[in-house]
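If you want the building blocks of each chain, they are given just below.
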Amino acid sequence: MFRSGFIAVIGKPNVGKSTLINALVGEKVAITSPKPQTTRNKILGIKNGQDYQMVFLDTPGIHNGKSKLGEYLKKSTESATNGVDAIMILLDAGKVNTFDFDLIKSYENSSVPVFVVVNKVDISSYEKLYPVLAKLNEYQFVKEFLVISALKKRNLQEIERALLNILPEGPAYFPTDQYTDKNLRFMAAEIIREKALLFLQEEIPHGIAIDITTFKEGKNLIDIKADIICESDRHKQIIIGKNGAMLKKIGTSAREEIEKLVDNKVLLELFVKVREDWKENKNTLSDLGYNLKEFDD
Ligand SMILES: Nc1nc2c(ncn2[C@@H]2O[C@H](COP(=O)(O)OP(=O)(O)OP(=O)(O)O)[C@@H](O)[C@H]2O)c(=O)[nH]1
Ligand SMILES: [Mg+2]
């Protein structure tokens, strides 16, 4: 019997949703970073087994961003839980608070099984964990509580087991050699953004977006040009860095990773552009891959 289904992975920013999905799928489907609000789109991570296909939906961390971009992120997450076969709420073991409890509670009347997964146990103590687990036990409607480390790949087989218990019989929804729904162009933009998140500090990472302006696949080389969109001249200066050092660092690191992904040489040219209101302008947002119309019925 072949089982298949969709599983939405939701939770606060930075709890490790993308890290978990990458670990489960065994491929880098989504970028991750130590900074909150890394994921901006709904991204599918497809785990193909002998007799199952699990399709995980990575989602932006839930928070109350007031911009048009914030609205897009919120809708991405909300829409991800529609029509799925299971919902997995991820918590950071060391940072569980009322927001998490309220989130769990909001799924009390869910028509599909709800799992609560406590992540990052590798950096949490049992003294901290016990009161959390005791409190979680009050939520009788939750199908199972699981304690894992996505980063150390600890207890992930428990997630697989728990899901196989509830997934219905069904077909493979995607070709079994496919592990995401996103194309190379999207992945390239995300990798550039990941490196920017990694190397840039403070508020700047959240104020940038990547626009791939050229993506030409030749036989021996892929030619990629991309704009790093930011919100002010001051940010632009910081992203470029002294004598272009920062931009070079982001570019080199991104190029190396894109080359591995495409298994080809890559020529990557980055430009920095200021568009003060990109987070508020619906058309600009749409051009950058954050199209609010996706959610219109
Ligand atoms: N120590 C430890 N760190 C983890 C674990 N899982 C994730 N992390 C780290 O937590 C940070 C956030 O991980 P992400 O996977 O980007 O978190 P996310 O929930 O997808 O975040 P958003 O996309 O912003 O909502 C990264 O620095 C990860 O390396 C874990 O099990 N243990
Ligand atoms: Mg993420």
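Predicted, not measured: the structure shown is a model, and the values here were computed from it.

**Q** Just to check I follow, could you spell out the overall build of the chain for this structure?
**A** If you tally the helices and strands in the chain, you get 9 helices and 9 strands. In summary, the chain has a C-alpha radius of gyration of 20 Å against a globular reference of 19 Å for 297 residues, a match within 12%. Across its three principal axes, the chain shows a C-alpha extent of roughly 55 × 40 × 40 Å. Looking at the chain as a whole, 51% of its 297 residues are labelled buried. Here the contacts in the chain between residues at least 6 apart in sequence split such that 72% fall between residues at least 24 apart. Each charge class in the chain can be summarised by its mean position, and for the 42 positive and 41 negative side chains these summaries are 4 Å apart.

**Q** Even after reading the chapter, I still don't get the coordination of the magnesium ion (ligand 2), so can you show me in this structure?
**A** Looking at the magnesium ion (ligand 2), the protein donor atoms are Ser18 (OG) and Thr39 (OG1), and they sit 1.9 to 2.1 Å from it. Separated by 21 residues along the polypeptide, Ser18 in helix 1 (residues 17–25) and Thr39 in the loop between helix 1 and strand 2 (43–48) bring together distant segments of the chain. Here the two residues Ser18 and Thr39 agree in accessibility, since each one is buried.

**Q** Is there a simple way to explain the site of ligand 1 in this structure?
**A** For ligand 1, the set of nearby residues contains 22 residues, the closest of which are Lys17, Thr19, Gln37, Thr38 and Asp122. Here an oxygen atom of ligand 1 and a backbone polar atom of Gly16 are 2.9 Å apart. Here an oxygen atom of ligand 1 sits 3.2 Å away from a polar atom, N or O, in the main chain of Ser33. Relative to its free-state accessible area of 660 Å², ligand 1 is covered by the protein chains to the extent of 91%. Sort the elements by how many residues they give to the shell around ligand 1 and helix 1 lands first, with 3 residues. In terms of residue class, the shell around ligand 1 is made up of 7 nonpolar, 12 polar and 3 charged.

**Q** In this structure, what is going on with the sheet that holds strand 2? I would like to understand it.
**A** Two modes of strand pairing occur in sheets, parallel and antiparallel, and in both the strands are linked by backbone hydrogen bonds. Read from one edge to the other, the open sheet built from 6 strands follows the order 2-3-1-4-5-6, with strand pairing classed as mixed. Both edges of this open sheet fall to strand 2 and strand 6 (144–147), since each of them pairs with a single strand only. Strand-to-strand twist of the sheet, defined as the mean angle between neighbouring strand axes without regard to direction, takes the value 25°. Both strand 1 (residues 3–11) and strand 4 (residues 86–92) contribute to a ladder of 5 bridges, which runs parallel. The residue of strand 4 that forms the bridge with Gly11 is Leu90. Relative to the sheet, helix 4 (residues 126–136) contacts strand 4, strand 5 (114–119) and strand 6, its axis offset from that of strand 5 by approximately 175°.

**Q** Sorry if this is basic, but what is going on with the environment of Phe101 here?
**A** The topology assignment puts Phe101 in helix 3 (residues 98–105). Remark: the alpha-carbon pair of Phe101 and Leu136, spanning 35 residues in sequence, is separated by 7.9 Å. Non-local contacts of Phe101, meaning those with residues more than four positions away in its chain, are made with Val96, Lys135, Leu136 and Tyr139.

**Q** Explain the domain arrangement of the chain to me, please; I cannot follow it from the model alone.
**A** Interface extent is often summarised as the accessible area lost during association of the parts. For the chain, the assigned domains read domain 1 (3–166) and domain 2 (184–295). Facing the 21 residues of domain 1 at the interface are 27 residues of domain 2. Buried surface at the junction of domain 1 and domain 2, summed over both partners, amounts to about 2,100 Å²; 60% is from carbon and sulfur atoms. When the area that domain 1 buries against domain 2 is broken down by residue, the three leading residues are Lys35, Arg40 and Tyr72, summing to 32%. For the interface between domain 1 and domain 2, the tally reads 2 salt bridges. The tally of links from domain 1 across to domain 2 stands at 16 residue pairs in polar contact (both at pLDDT 80 or more). With 7 residues, the single largest contributor to the side of domain 1 that touches domain 2 is helix 2 (residues 68–80). Split by residue class, the side of domain 1 that touches domain 2 holds 6 nonpolar, 9 polar and 6 charged.

Criteria and thresholds
Residues numbered from 1 in each chain as written. Chains lettered and ligands numbered in written order. Predicted model: local features only at pLDDT ≥ 70, side-chain atom pairs only at ≥ 80, totals over all residues. Heavy atoms only, no water. Helix = DSSP H or I, 4+ residues; strand = E, 2+ residues; numbered from the N terminus. Rg over C-alpha atoms; globule rule 2.2 N^0.38 Å. Buried < 20%, exposed > 50% of the residue type's maximum accessible area, 1.4 Å probe, protein only. Contact = heavy atoms within 4.5 Å. Lys, Arg positive; Asp, Glu negative; His and termini not counted. Charge placed at Lys NZ, Arg CZ, Asp CG, Glu CD. Donors = N, O, S within 2.8 Å, 3.2 Å for Na, K, Ca; no water. Near = heavy atom within 4 Å. Polar contact = N/O pair within 3.5 Å; in protein donor to acceptor, adjacent residues only side chain to side chain. Areas by Shrake-Rupley, 256 points an atom, 1.4 Å probe, with all protein chains shown as cover. Nonpolar A, V, L, I, M, F, W, Y, C, P; charged D, E, K, R; others polar. Pairing = 2+ DSSP bridges. Axes fitted to C-alpha atoms, helices over the stretch in contact; angles between N-to-C directions. Domains from an automatic or database assignment. Buried area = accessible area lost by both parts, 1.4 Å probe. Salt bridge = Lys/Arg side-chain N within 4 Å of Asp/Glu carboxyl O.

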